[in-house]
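Here is what each chain is made of, one letter per residue.
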Amino acid sequence: MTTLLDIAGLTAHYGDFQALFGVDLTLAEGETVAIIGANGAGKTTLMRAITGVAKVTAGSVMLAGEDITRLPAPDIMTRGIAMVPEGRRLFPSLSVEENLLIGAHARRGNGYWTLERVQTLFPILKERRHNPGTALSGGQQQMVAIGRALMSNPSVLLCDELSLGLAPVIIKEIYAAFPQIKASGTSIIVVEQDIGQALRVADHVHCMMEGRITLSGRPADLSRDAIHDAYFGVSHA
Amino acid sequence: MTLNRNLGLCLAFLALTALYALPAIAPRAMVQDLFGILTLLVLAMNWNLLAGFAGLVSVGQQAFVGIGAYAMFAAIILAGLDPLVGVLIGGIAAALFAVPMAFFAFRLNGAYFAIGTWVVADIARLAISQWKALGGGTGTSLPKGTAKEMAFVDQIKELLDVSSAAAADALTYWLMLSLAVGVLIASYVFLRSRMGLGLQAIRDNENAARSVGVDPVKLKALVFLLTAFGTGLCGALAFIQITRVTPDAAFSVIDWTAFVIFITVIGGIGTLPGPIVGVAVFYLLQRLLADYGTIYLIVLGCLGIAVMLFARRGLWGLFIDRTGIDLLPLTHRPPRMVASRPAAHRRSA
Amino acid sequence: MMLIDTLAQGLLLGGLYALFAAGLSLVFGIMRLVNLAHGDLIILGAYLILTITTATGLNPFLAVLLAAPVMFGLGWFLQTHLLNRVLGADILPPLLVTFGLSVVIQNALLSGFSADSQKLAAGTIEAQSVDLGIVTLGVMPLLTFASAVAVVFALNQVFYRTALGRAFRATSDDQTTAQLMGIRPQNIFAIATGIALVVATIAALYLGTRANFDPSIGPARLLYAFEAVIIGGLGSLWGTLAGGIVIGMAQALGASINPEWQILSGHIAFVIVLLIRPRGLFPRAND
């Protein structure tokens with residue numbers, strides 16, 4: 001498999017506070033990678049640094065061989081990265097359908113995802129297409145946010161805390177869409193606090209703590225104890 | 001730091017002495033010139049308090065100048081009072097007008113407050129144009145010799161051995177100078193008081209200020225009324241010199257607000273010495289470009305824009321950044337780490 | 001009879017004020033920017049049309065077609081190089097920059113064209129009128145009002161029916177997330193200001209053909225436009241049209257009693273509306 005996204009030594013600061021310490025991470029074509037970790041471990045900062053929203057102070061992000069470090073966010077998105085932001089962040093002035101259509105702003109050429117295909121993936125979005133995006137339930141809003149990101153036909157889809165605040169049955173419903181997203185040729189990075197969900201969906205898992213990746217591996221190769229230690233920072237020494 | 005402070009105080013004292021002595025040693029034209037500069041300085045210091053510290057960007061200050069001027073004219077012409085009493089009445093009238101104006105304009109948020117105050121000033125101008133006893137739209141003049149008959153003019157005439165007209169000029173000049181010094185000292189004391197610190201806290205973060213018990217609306221309204229009073233006094237005093245009032249001149253947005261805004265912005269908005277620096281630059285520019293008419297205003301406008309783009313705290317802010325010298329610091333210095341002298345810094349926090 | 005006539009004239013005058021206001025309303029709705037130079041930019045547009053008609057002999061109605069793209073470019077340029085740099089949480093810099101711009105434009109026009117009054121000559125259409133039985137209305141005022149309705153309709157279509165309009169609304173809602181959609185807010189703002197100045201040019205056409213203008217009258221137009229926007233409710237374009245009509249009718253009524261009361265009546269109507277309905281007649285739900 002060829003490497004699609006190559007992150008090396010990524011460091012980021014919020015003012016004087018260092019939030020990322022030289023993070024290395026790769027994403028191969030067609031792969032799904034999960035990043036797990038507790039609150040404040042730096043997961044969201046990593047997403048924001050990749051998308052150009054947070055300021056990168058050192059290191060690099062390469063997308064399909066092209067250096068995209070420190071490009072403005074819109075330039076990164078038009079190069080084939082799409083993001084489902086934490087808290088969904090739908091546009092309140094836009095209807096459900098318009099929220100999806102605005103995702104196509106960064107679209108490059110023709111791809112698999114169209115309005116019809118997104119509405120087939122999540123049928124509720126067709127049914128409620130004229131409602132304001134923010135009038136939907138949390139789970140439905142999450143579907144809009146995923147659909148909106150897919151509309152640009154990204155090569156890399158970043159999902160930040162999909163399951164946050166949602167009931168387990170809804171989370172399951174949302175993750176049920178992943179096989180089809182993968183099949184469309186999109187590689188995925190999910191940030192999750194829900195370890196079980198992350199292990200089920202990912203080919204590769206990285207555990208973050210205090211701005212560093214502390215553990216990496218295939219879900220099958222990682223013991224529960226090792227993950228638990230990396231997650232909570234407990235040492236068995 | 002202490003050396004700078006003492007040096008600054010010495011210089012300020014020398015400058016003030018020279019300024020007060022001016023009518024005795026300088027030609028009358030120079031006194032009149034400086035009177036004009038001091039007028040703008042007083043207006044600028046008031047506007048700076050409003051916009052720079054209370055966050056109330058008013059483009060309607062001409063309302064207070066105009067109302068102060070007209071109230072003063074009414075006191076002299078209609079009530080036969082002494083012009084100096086008229087000036088005081090001018091200030092009070094402006095403050096009274098500020099009450100309904102605040103009631104209305106405070107409903108408008110942020111940027112819309114600016115145009116809201118402008119509308120109210122226009123209403124005041126149009127309404128006063130209907131006041132036939134004071135000449136309506138064409139305005140009126142002070143009765144001949146009014147200025148010469150002011151209280152204290154005779155004494156000054158003898159003291160300085162000059163004509164009545166020059167003595168009247170000297171009197172208005174001293175009053176304007178005292179008003180300027182008064183506003184400066186009052187601003188300094190106010191801004192370092194609990195209320196003033198609260199005001200600056202509001203400017204930096206309204207919600208945080210609210211949560212520690214500062215009521216932003218009350219404080220801002222207070223500043224609005226006080227600066228209206230100062231602006232009204234200044235307007236009334238200025239029109240004793242001008243002797244003729246018309247609605248268009250008394251409520252001119254260019255003369256009484258635009259110049260004042262540029263002076264404050266160029267000198268350094270939100271800093272106490274800003275207006276002083278700004279008025280000096282303004283005067284120099286006026287001298288240099290006096291022959292070019294409109295070019296002067298274009299240059300002024302461009303300078304104001306450039307300052308906002310490249311140095312938001314104006315020339316004074318640049319000066320502080322470059323030298324580290326702040327002659328009128330508003331921040332309280334942190335307590336020194338000497339356990340034996342806690343009383344000296346009781347207000348530091 | 002007199003009253004109906006006065007109100008009809010006021011209604012049509014309101015169309016002119018809505019044209020003054022539509023650009024201001026659009027720009028505020030998208031980027032929360034209050035442009036204090038808006039009135040002066042309208043006057044600049046009138047001088048641009050005047051310059052084109054004098055140079056080419058074109059009718060002002062054709063000259064506006066040449067002036068509009070120039071004004072769009074000016075709006076783009078001003079937004080990109082000046083206003084985008086001062087937009088932010090602090091309202092002071094954009095206010096002061098546009099105030100500076102207002103003074104610069106006024107005085108540049110003054111030194112370029114002098115303080116003499118000018119007028120755009122539209123030909124015989126200026127004197128024509130339509131007899132509707134109850135009232136007789138001038139063709140020019142009717143055309144002004146129709147243009148105002150057309151402009152507001154067109155802006156609404158753009159705002160609610162096009163990809164550009166979606167980008168406008170999304171950027172207005174949430175700039176950071178809009179960037180995650182590949183939208184460049186700076187470009188969106190530049191286009192918005194460009195469109196606002198195109199509308200200002202249309203306003204300038206009617207301003208200049210209906211009455212005399214000179215470099216100093218911009219700020220008064222800003223005040224009328226501002227009053228229309230606030231009365232209508234921030235961000236609502238149809239509300240802005242309604243606000244313009246309120247001001248126009250109030251002015252016409254005041255003027256019918258005493259010509260000196262025209263402007264004052266408009267201001268007072270504004271104050272009354274604001275005291276009764278602080279958020280205007282048609283406030284947007286999510287503001």
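Residues numbered from 1 in each chain as written. Chains lettered and ligands numbered in written order. Predicted model: local features only at pLDDT ≥ 70, side-chain atom pairs only at ≥ 80, totals over all residues. Heavy atoms only, no water.

S.K.: Hey, could you run me through the overall build of chain C in this one?
M.R.: When you go through chain C residue by residue, the secondary structure sums to 11 helices and two strands. Along the longest, intermediate and shortest principal axes, the C-alpha atoms of chain C span 60 × 50 × 35 Å. When burial is assessed residue by residue, chain C has 58% of its 287 residues classed as buried. Carbon together with sulfur atoms contributes 67% to the accessible area of chain C, which is approximately 10,500 Å² in total. Side chains of chain C give 12 positive and 12 negative charges; the mean places of these two sets differ by 14 Å. (Helix = DSSP H or I, 4+ residues; strand = E, 2+ residues; numbered from the N terminus. Buried < 20%, exposed > 50% of the residue type's maximum accessible area, 1.4 Å probe, protein only. Areas by Shrake-Rupley, 256 points an atom, 1.4 Å probe, with all protein chains shown as cover. Lys, Arg positive; Asp, Glu negative; His and termini not counted. Charge placed at Lys NZ, Arg CZ, Asp CG, Glu CD.)

S.K.: Explanation requested: the pattern of salt bridges in the structure shown.
M.R.: Any two side chains of opposite charge can pair, given that their charged atoms come close. Summed over the entire model, instances satisfying the criterion amount to 13 salt bridges over all chains. Between B:Arg125 and B:Asp248 there is a salt bridge, and its shortest N-O distance comes to 3.4 Å. In this pair, B:Arg125 is assigned in helix H5 (residues 110-128) and B:Asp248 in helix H11 (residues 247-250), connecting sequence segments 123 residues apart. Put simply, C:Glu126 and C:Lys119 hold a salt bridge, and the shortest N to O gap is 2.9 Å. Residue classification places C:Glu126 among the partly exposed positions, given a relative accessible area of 31%. Residue C:Lys119 is classed as partly exposed on the basis of its relative accessible area, which comes to 34%. (Salt bridge = Lys/Arg side-chain N within 4 Å of Asp/Glu carboxyl O.)

S.K.: Help me out: how do you make sense of the interface of chain A and chain C in this one?
M.R.: A common way to state how big an interface is: give the accessible area lost once the parts meet. Listed as interface residues are 21 residues of chain A and, on the opposing side, 17 residues of chain C. Carbon and sulfur atoms supply 63% of the area that chain A and chain C bury against each other, a total of about 1,800 Å² over both sides. The salt bridge involving A:Arg89 is made with C:Asp174; its shortest N-O contact spans 3.0 Å. Here chain A and chain C share six residue pairs in polar contact (both at pLDDT 80 or more) between them. The set of elements that each furnish at least two residues to the side of chain A that touches chain C consists of helix H2 (73-77) and helix H3 (96-103) of chain A. (Contact = heavy atoms within 4.5 Å. Buried area = accessible area lost by both parts, 1.4 Å probe. Polar contact = N/O pair within 3.5 Å; in protein donor to acceptor, adjacent residues only side chain to side chain.)

S.K.: It is not clear to me how the packing of helix H3 (residues 62-77) of chain B against helix H10 (residues 216-242) of chain B should be interpreted in this structure. Could you clarify?
M.R.: Between two packed helices, both the angle of their axes relative to each other and the distance between the axes serve to describe the pair. All names here are of chain B. Put simply, H3 and H10 touch, their axes get as near as 7 Å, and they point 55 degrees apart. Relative to H10, the element H3 lies oblique. Judged by the sense of rotation from one axis to the other, the crossing of H3 with H10 is right-handed. Along the contact surface, H3 presents Phe64, Val65, Gly68, Ala69, Met72 and Phe73, while H10 presents Phe224, Ala228, Thr231, Gly232, Gly235, Ala236, Phe239 and Ile240. Its residues assigned to classes, the contact of H3 with H10 comprises 10 nonpolar, four polar and no charged. (Axes fitted to C-alpha atoms, helices over the stretch in contact; angles between N-to-C directions. Parallel < 35°, antiparallel > 145°, perpendicular 65-115°, else oblique. Left-handed = near helix turned anticlockwise from the far one by under 90°. Nonpolar A, V, L, I, M, F, W, Y, C, P; charged D, E, K, R; others polar.)

S.K.: Looking at this structure, how should I read the interface of chain C and chain B?
M.R.: Counting residues at the interface gives 40 residues for chain C and 38 residues for chain B. Interface area, chain C with chain B, both sides summed: about 3,700 Å², of which 83% is carbon and sulfur. A per-residue breakdown of the area chain C buries against chain B is headed by C:Leu96, C:Phe99 and C:Phe226, which together make up 16% of the total. When the shortest N-O distance is used, the salt bridge between B:Lys132 and C:Glu260 registers 3.7 Å. Applying the counting criterion to the chain C and chain B interface returns five residue pairs in polar contact (both at pLDDT 80 or more). Secondary structure elements with two or more residues in the side of chain C that touches chain B: helix H4 (92-113), helix H9 (218-232) and helix H11 (262-276) of chain C. Looking at the side of chain C that touches chain B residue by residue, the classes come out as 32 nonpolar, five polar and three charged.

S.K.: What's the story with the confidence of the model for chain C in this structure? I'm lost.
M.R.: Parts of the model with low pLDDT should not have their predicted coordinates read in detail. Scored by pLDDT, chain C has a mean of 93; 99% of the residues are at 70 or more. For this predicted complex, the interface confidence comes out at an ipTM of 0.90, alongside a pTM of 0.90. (pLDDT = per-residue confidence, 0-100.)

S.K.: Could you clarify how one ought to interpret the packing of aromatic side chains in this entry?
M.R.: Any two aromatic rings considered together are summarised by their centre-to-centre distance and by the angle between their planes. A full pass over the atoms with the stated rule returns 25 aromatic pairs over all chains. With a centroid separation of 5.8 Å and an interplanar angle of 75 degrees, the aromatic rings of B:Phe106 and B:Phe113 are classed as edge-to-face. Since its relative accessible area comes to 24%, B:Phe106 is described here as partly exposed. Looking at A:Arg212, its charged tip hangs above the ring of A:Phe21, at a distance of 4.1 Å from the centre. The ring of B:Phe103 carries the charged tip of B:Arg107 above its face, separated from the ring centre by 5.6 Å. (Phe/Tyr/Trp six-rings, centres within 6.5 Å; stacked < 30°, edge-to-face > 60°. Lys NZ or Arg CZ within 6 Å of the ring centre and 35° of its normal.)

S.K.: For this particular structure, what's the right way to read the sheet that holds strand E1 (residues 3-14) of chain A?
M.R.: Across a sheet, paired strands are connected by hydrogen bonds in the backbone, their directions being either parallel or antiparallel. Residue and element names in this part refer to chain A. Pairing is antiparallel across the open sheet formed by four strands, whose spatial order is E2-E1-E4-E5. In this open sheet, the two edge strands, each paired with only one partner strand, are strand E2 (17-28) and strand E5 (66-67). Judged from the six bridges that link them, E1 and strand E4 (residues 56-63) form a sheet pairing that is antiparallel. If you follow aspartate 6 over to E4, its bridge partner there is methionine 62. (Pairing = 2+ DSSP bridges.)

S.K.: So what exactly am I meant to see when it comes to the pairing of E4(A) here?
M.R.: For a regular strand, side-chain orientation follows a simple rule: the groups alternate between the two sheet faces. Residues and elements named next belong to chain A. Here two bridges tie E4 to E5, and the two strands are oriented antiparallel to one another. Residue pairing across strands places leucine 63 opposite glutamate 66, the latter belonging to E5. What sits between E4 and E5 in their antiparallel hairpin is a turn of two residues, with alanine 64 showing a positive phi close to 50 degrees.

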